[in-house]
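Close look at the chain arrangement
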Amino acid sequence: MKTWDLNYINKLKKHIENKIYILHGTDKDKEKNLRQTLSSISYVIDSSKPVLKFCFPRKESALECLSDDAFIFEKFGHLCNYLRILQDMHLKYEILYPNKKKIHFTDKQLLQISNRFYAKVGGFLSKKYQTIAGRFYKTLSISEYNMFYEPLNQTLPIHNSNLSFISIYKNNGIEDVIALIHEAGHSISALYNINILDDDNRYAFAEIETMFLELLTFDYLETSEKYRIESVKLRLHYLRDILYSANTLCLKLDILNEFNPLERYGIPPIIYYLKNVLNLNKSVINNVLYDSTSALFNYEISFLIALELYYIYHEDKEKALNMLEKIVKCKFDSSMEYEKYIISLGIIPGEHLEEYIIDCFAYTQKGISVYEKTIQHR
């Protein structure tokens, strides 16, 4: 098991505390920034203690969840049309979960695959990854699977710095490779754009670079006879999740439009509508009522943009990496400005979505019998 260097983190904390002590009362703005930095360091320290699976927080009521959803949709309403593009594909194609095999990667194996992958990707990603990897001895934590702990892969930035800490919890599958490469992508972004991971205006686009890297990782793993089958399975698994989540979000939108204001109607007529008008089963209804929009929305929008970069990359590698670098570096004061800038680069979110789904059919036709009925036309 690989862990963060807690001595290093505690020394960093002490250093910031001393700076705050010296500065106290002389410069309020600097002191405020330092306290934010201190808070982020403390959060990293707290996160070094795994969360027990059985320590569940209070579950919000369906009405509370839908109210939270409404806040996200109102703030990012200009992006909701992209969800409909994904929903259309969910309704057109059926993707079933293929059974995945367990693969145990040692820490060394995960790092070797990640190192080789980033060396192959090229451009600024390869260059900046070397900086990230050079810090792994103190900033990377890889934990073995533990049935008693809630696994949470995350990148935790230190405020007002380009330093971040990565936490990976193994699931004993190809997803462990994806997780490390994904989180390293966030750390690379933090090198380029300080506080990028805390930028609320960029929330809907926060996963562009990481989901782009995931798509390239699938390509990379599928060149290996050893990992090809499991990589294809996970590619399909992730695609299904994206389309299913988009449908869930769109159903939430339909509810919020149909039953407005929520407080006037309450939950019973909403459940009746979902069950008897839309003919949804109990599992889907629970997802619509209780899944968090804030936990899903950014992955949906980011995926559509990452997918376009992925297709550009296969046509012109340098062009795609240059576009991605510009996206990582840019900083705007609103989500709408981020959207306009990305489109100005020549990216049309969703343009190649159906092509990608059809391409996934090709993966099922390479003599691997387990995939013969994985994807079916409705």
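Structure shown above.
The text that follows walks through the structure, step by step, so that each part is easy to find. All values reported here derive from a predicted model rather than from experimental measurement. (Residues numbered from 1 in each chain as written. Predicted model: local features only at pLDDT ≥ 70, side-chain atom pairs only at ≥ 80, totals over all residues. Heavy atoms only, no water.)

Brief notes about the overall build of the protein chain
Where we set the bar: Here a strand is any run of E in DSSP of at least two residues, a helix any run of H or I of at least four, and the numbering for each starts at the N terminus. Throughout, the radius of gyration refers to the C-alpha atoms, and the reference size of a globule is 2.2 Å times the residue count to the power 0.38. For every residue, the accessible area (1.4 Å probe, protein chains only) is compared with the maximum for its type, and the residue is labelled buried under 20%, exposed over 50%, or partly exposed between those bounds. Note on definitions: a residue-residue contact is assigned when non-hydrogen atoms from the two residues lie within 4.5 Å. All accessible areas in this document rest on Shrake-Rupley with a 1.4 Å probe, and a residue is counted as covered only by the protein chains that are shown. A positive count includes Lys and Arg, and a negative count includes Asp and Glu. His and the chain ends are not counted in either. We put the charge of a Lys on NZ, of an Arg on CZ, of an Asp on CG and of a Glu on CD.
Across its full length, the protein chain carries 17 helices and five strands. The C-alpha atoms of the protein chain give 22 Å as radius of gyration, which agrees with the globular expectation for 378 residues (21 Å, within 12%). When the backbone C-alpha atoms are referred to their principal axes, the protein chain occupies close to 65 × 55 × 45 Å. The burial tally for the protein chain puts 53% of its 378 residues in the buried class. Here the analysis covers contacts within the protein chain between residues at least 6 apart in sequence; of these, 80% occur between residues at least 24 apart. Carbon and sulfur atoms make up 52% of the accessible area of the protein chain, which amounts to about 18800 Å² in all. In the protein chain, 46 side chains carry a positive charge and 48 a negative one; their mean positions are 6 Å apart.

Some points on the nonpolar core
Using the following cut-off: Side-chain atoms within 4.5 Å are what join buried Ala, Val, Leu, Ile, Met, Phe, Trp, Tyr and Cys residues into a set we call a nonpolar core.
Judged by nonpolar contacts, the single largest core of 107 residues is most densely connected at L125, F212, F297 and F303. Of all the elements, helix α10 (residues 228-258) adds the most residues to this core, at 14 residues. Not counting residues within four places of it along the chain, the set of residues in contact with F212 comprises L125, A306, L309, Y310, Y313, L321 and L324.

What about helix α8 (residues 175-192)?
The cut-off we apply is this: In this analysis, the expected span of each helix is defined as 1.5 Å times one less than the number of residues it contains.
With 18 residues, α8 extends 26 Å from end C-alpha to end C-alpha; this agrees with the ideal 26 Å at 1.5 Å per step. Where burial is concerned, most of α8 is hidden: 17 out of the 18 residues are buried.

Digging into the sheet that holds strand β4 (residues 164-169)
Keep this limit in mind: The pairing criterion for strands is at least two bridges between them, as found by DSSP. Here, axes are lines fitted to C-alpha atoms. For helices the fit covers the stretch in contact, and angles between N-to-C directions go from 0 to 180 degrees.
Here we have three strands laid out as an open sheet, ordered β2-β4-β3, and mixed in their pairing. Every interior strand has two partners, whereas the edge strands, β2 (140-143) and β3 (154-157), have only one. Here the average twist between neighbouring strands, direction ignored, is 15°. Here four bridges tie β2 to β4, and the two strands are oriented parallel to one another. If you follow S141 over to β4, its bridge partner there is S167.

Description of the packing of helix α4 (residues 80-92) against helix α14 (residues 293-315)
To be explicit about the condition: Working definition: roughly parallel below 35 degrees, roughly antiparallel above 145 degrees, roughly perpendicular at 65 to 115 degrees, and oblique for all remaining angles. For this scheme, ten residues count as nonpolar: Ala, Val, Leu, Ile, Met, Phe, Trp, Tyr, Cys and Pro. Four count as charged, namely Asp, Glu, Lys and Arg, and the remainder, Gly too, count as polar.
Remark: α4 packs on α14, axes separated minimally by 10 Å, with the N-to-C direction vectors making an angle of 75°. Relative to α14, the element α4 is oriented roughly perpendicular. Contacts between α4 and α14 involve C80, Y82, L83 and L86 on the former and, on the latter, F297, E300, I301, F303 and L304. Looking at the contact of α4 with α14 residue by residue, the classes come out as eight nonpolar, no polar and one charged.

Thoughts on the packing of helix α9 (residues 208-221) against α10
Keep this limit in mind: Crossings are sorted by hand: turned counterclockwise from the far helix by less than a right angle, the near helix makes the crossing left-handed, and turned clockwise it makes it right-handed.
Where α9 contacts α10, the axes come no closer than 8 Å and their chain directions differ by 150°. Put simply, α9 runs roughly antiparallel to α10. Two packed elements cross with a definite hand, and for α9 against α10 that hand is left-handed. Each of M211, E214, L215, F218, D219 and L221 in α9 lies in contact with α10, whose residues at this interface are R228, S231, L234, R235, Y238 and I242. Its residues placed into classes, the contact of α9 with α10 shows seven nonpolar, one polar and four charged.

A closer look at the packing of aromatic side chains
Geometry of an aromatic ring pair is reported as the spacing of the ring centres plus the angle between the planes. Stated formally: Ring pairs shown here join Phe, Tyr and Trp side chains whose ring centres sit within 6.5 Å, with only the six-membered ring taken for Trp; geometry is labelled stacked below 30 degrees between planes, edge-to-face above 60, and tilted in between. For a ring to carry a charge above it, either NZ of a lysine or CZ of an arginine must fall within 6 Å of the ring centroid while also lying within 35 degrees of the normal to the ring plane.
Following the criterion strictly, the structure yields 22 aromatic pairs and no others. Look at Y310 and Y311: their rings are 5.5 Å apart centre to centre, the planes differ by 90°, and that puts the pair in the edge-to-face class. Considered together, Y310 and Y311 belong to a single accessibility category, that of buried residues. Chaining the aromatic ring pairs together yields one cluster made of F117, Y118, Y129, F136 and Y220. Looking at K128, its charged tip hangs above the ring of Y192, at a distance of 5.4 Å from the centre. Lying across the ring of Y8, K138 places its NZ or CZ 4.2 Å from the centre.

Considerations on the pattern of salt bridges
Defined as follows: A carboxyl oxygen of Asp or Glu within 4 Å of a side-chain nitrogen of Lys or Arg is what we treat as a salt bridge.
Within this structure, the stated rule accounts for 14 salt bridges. Between K100 and E175 there is a salt bridge, with the nearest N and O atoms lying 3.5 Å from each other. Here the residue K100 occupies a position in the loop between β1 (93-95) and α5 (107-121), and E175 occupies one in helix α8, the gap between them amounting to 75 residues.

These figures come from the coordinates and say nothing about function on their own.
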